[in-house]
Amino acid sequence: MRTTLMAWLAMPLLAASASAQTTGGAGGAGGAGGAAQAARAAAANKPRTIDGINTVWLEELTQPEFRDLIKDGYTTVLIMTGGVENNDGNLSMNKHNINNKLLGEMMARKMGKTLVAPLVTLEPGNAGPTIQPGRAGPMLSQATYTALLFDMGNYLRSMGFKEIYYMGDSGGNGRGMQTAADSLTKVYADSPDKVSFKHIAEYYNHTSVIQPYLQNELKIPEGIKIGASTGTSGLHEELGIDATMALADPQSIRFAQRVKAGQAEINGIKFESLKWLQELGRKVAELRVTTTINAITAYRATLPKP
């Protein structure tokens, strides 16, 4: 059975290899394939004839738009990692991805000449042999996750980026991001093309920055111990996260449904209104962004001058 499966898996590779040999391959210089490649390269380098759009998201750009941004100095990129996990009864499972979409845009625009790579929307975890109907996920093995982050950083390097920053909204993501950044740094240590790969751990600041800010500075007496992820409501949920998610998408915290059920609160703090919660979310988002950019600025100060 295994031999048959491997034979089936190998067939597309063999077919692709035969095709490459026939046409000269993707990088071939002769034949129809080489001519097509040359024509495509020429087209890719032609001046744009239409205006571009105002976006910081790499995947939303056309190739010529991206090419021109790189030439204009947009050589910093953010790799933002989230996940799909259990957030109990009120929050959508892609909580981290919603935060990354909001904060990634804010950071890139505030930093200037910075783009955001396609979000890494899955986090590391182990399925195990047991079937658990309704469990949260999917997730990736740690090895696959780290390899994915390594490959993303490496490919972004090949696209012309000079500063590549990893940052995650989920605590379990840090190991893979750090490993990928360290590995790429080692691989290209002697390269004449200087590229920086850095995990910005300060981005994950829910407990270190946001909880003290809410409780000590804004004097909001949320029933959660600073440093914890669960408070008096007994849920994997807290006010600062509810606030930024409400700012991005009120449906993601089931705001209307919670109001209807008389459950518009968390850890002893009632939501005064959607506007109140979103305004709090704006303050939290701005603090998270400022904290992260400050960490990037401090790291940049250690880099050799060009």
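The structure we're discussing is the one just above.
What counts, and where the lines are drawn
- Residues numbered from 1 in each chain as written.
- Predicted model: local features only at pLDDT ≥ 70, side-chain atom pairs only at ≥ 80, totals over all residues.
- Heavy atoms only, no water.
- Helix = DSSP H or I, 4+ residues; strand = E, 2+ residues; numbered from the N terminus.
- Buried < 20%, exposed > 50% of the residue type's maximum accessible area, 1.4 Å probe, protein only.
- Contact = heavy atoms within 4.5 Å.
- Areas by Shrake-Rupley, 256 points an atom, 1.4 Å probe, with all protein chains shown as cover.
- Polar contact = N/O pair within 3.5 Å; in protein donor to acceptor, adjacent residues only side chain to side chain.
- Salt bridge = Lys/Arg side-chain N within 4 Å of Asp/Glu carboxyl O.
- 1 Å grid on protein atoms, 1.4 Å probe; cavity = no way out; pocket = protein on both sides within 12 Å on 5 of 7 lines; lining within 4 Å.
- Points joined across faces, edges and corners; volume = space filled by probe spheres on them.
- Nonpolar A, V, L, I, M, F, W, Y, C, P; charged D, E, K, R; others polar.
- Phe/Tyr/Trp six-rings, centres within 6.5 Å; stacked < 30°, edge-to-face > 60°.
- Lys NZ or Arg CZ within 6 Å of the ring centre and 35° of its normal.
- Core = buried A, V, L, I, M, F, W, Y, C linked by side-chain atoms within 4.5 Å.
- Axes fitted to C-alpha atoms, helices over the stretch in contact; angles between N-to-C directions.
- Parallel < 35°, antiparallel > 145°, perpendicular 65-115°, else oblique.
- Left-handed = near helix turned anticlockwise from the far one by under 90°.

Caption draft 1: Region of interest: the overall build of the protein chain. A tally of helices and strands in the protein chain yields ten helices and six strands. By residue count, 39% of the 306 residues in the protein chain fall in the buried class. Summarising the internal contacts of the protein chain: among those between residues at least 6 apart in sequence, 71% fall at separations of at least 24. Summing over all exposed atoms, the protein chain offers an accessible surface of approximately 16,600 Å²; the carbon and sulfur share of this is 58%.

Caption draft 2: Fine view of the side chain of E238. Looking at the secondary structure, you find E238 in the loop between α7 (206–217) and α8 (239–248). A distance of 2.8 Å separates polar atoms of two side chains, one belonging to E238 and the other to Q211. If we skip the residues at most four places from it in the chain, E238 touches H206, Q211, E222, I224, A228, S229, I266 and N267.

Caption draft 3: Examining the pattern of salt bridges more closely. Under the criterion given, the structure shown has eleven salt bridges. Across the pair R48 and D68 runs a salt bridge whose closest N-O atoms are separated by 2.8 Å. On the criterion of sequence distance, the pair formed by R48 in the loop between α2 (31–44) and α3 (63–71) and D68 in helix α3 is long-range, its members being 20 residues apart. With a shortest N-O distance of 2.7 Å, E163 and R300 are connected by a salt bridge.

Caption draft 4: Structural context of the layout of surface pockets. In this structure, the largest pocket spans a volume of roughly 330 Å³. Forming the walls of the largest pocket are 15 residues, and the residues nearest its centre are K162, K194, V195, S196 and L303. Taken together, the residues of the lining of the largest pocket break down into six nonpolar, four polar and five charged. Reported here for the second largest pocket is a volume of approximately 150 Å³. K95, Y204, S229, H236 and E238 are, among the 14 residues lining the second largest pocket, the residues nearest its centre. Those elements that place two or more of their residues in the lining of the second largest pocket are α4 (95–111) and α7. A class-by-class count of the residues in the lining of the second largest pocket yields two nonpolar, seven polar and five charged.

Caption draft 5: Region of the structure containing the packing of aromatic side chains. Scanning all chains against the criterion turns up four aromatic pairs. Each ring, one from F255 and one from F271, has its centre 6.3 Å from the other, and the planes form 20°; the classification is stacked. With F255 in helix α9 (residues 255–260) and F271 in the loop between β6 (269–270) and α10 (274–300), the pair connects residues that are 16 residues apart, well separated along the chain. F271 sits in the buried class, given a relative accessible area of 8%. Of note, K101 hangs over the ring of W57, and the distance from its end group to the ring centre comes to 3.9 Å. If you follow R288 out to its NZ or CZ, it ends over the ring of Y203, 4.6 Å from the centre.

Caption draft 6: Broad picture of the nonpolar core. Counting 24 residues, the largest nonpolar core has I79, L149, L156, F161, I164 and Y166 as its most contacted members. Listing elements by their share of this core, those giving two or more residues are α3, β1 (76–81), α5 (142–158), β3 (163–168) and α6 (174–187). Setting aside anything within four residues of it in sequence, one finds L156 in contact with L58, V77, I79, A117, F161 and I164. Counting residues in hydrophobic clusters, the runner-up holds 21 residues, among them V209, Y213, A246 and I253.

Caption draft 7: A look at the packing of α4 against α10. One can describe the packing of α4 onto α10 by two numbers: an axis separation of 10 Å at closest approach and a directional angle of 50°. On the basis of their axis angle, the class for α4 and α10 is oblique. In this structure, α4 crosses over α10, and the sense of that crossing is right-handed. Only A285, E286, R288, V289, T290, T292, I293, I296 and R300 of α10 make contact with α4, whose side of the interface consists of N99, L102, L103, M106, M107, K110 and M111.

No statement about biological role is implied by the geometric values presented.
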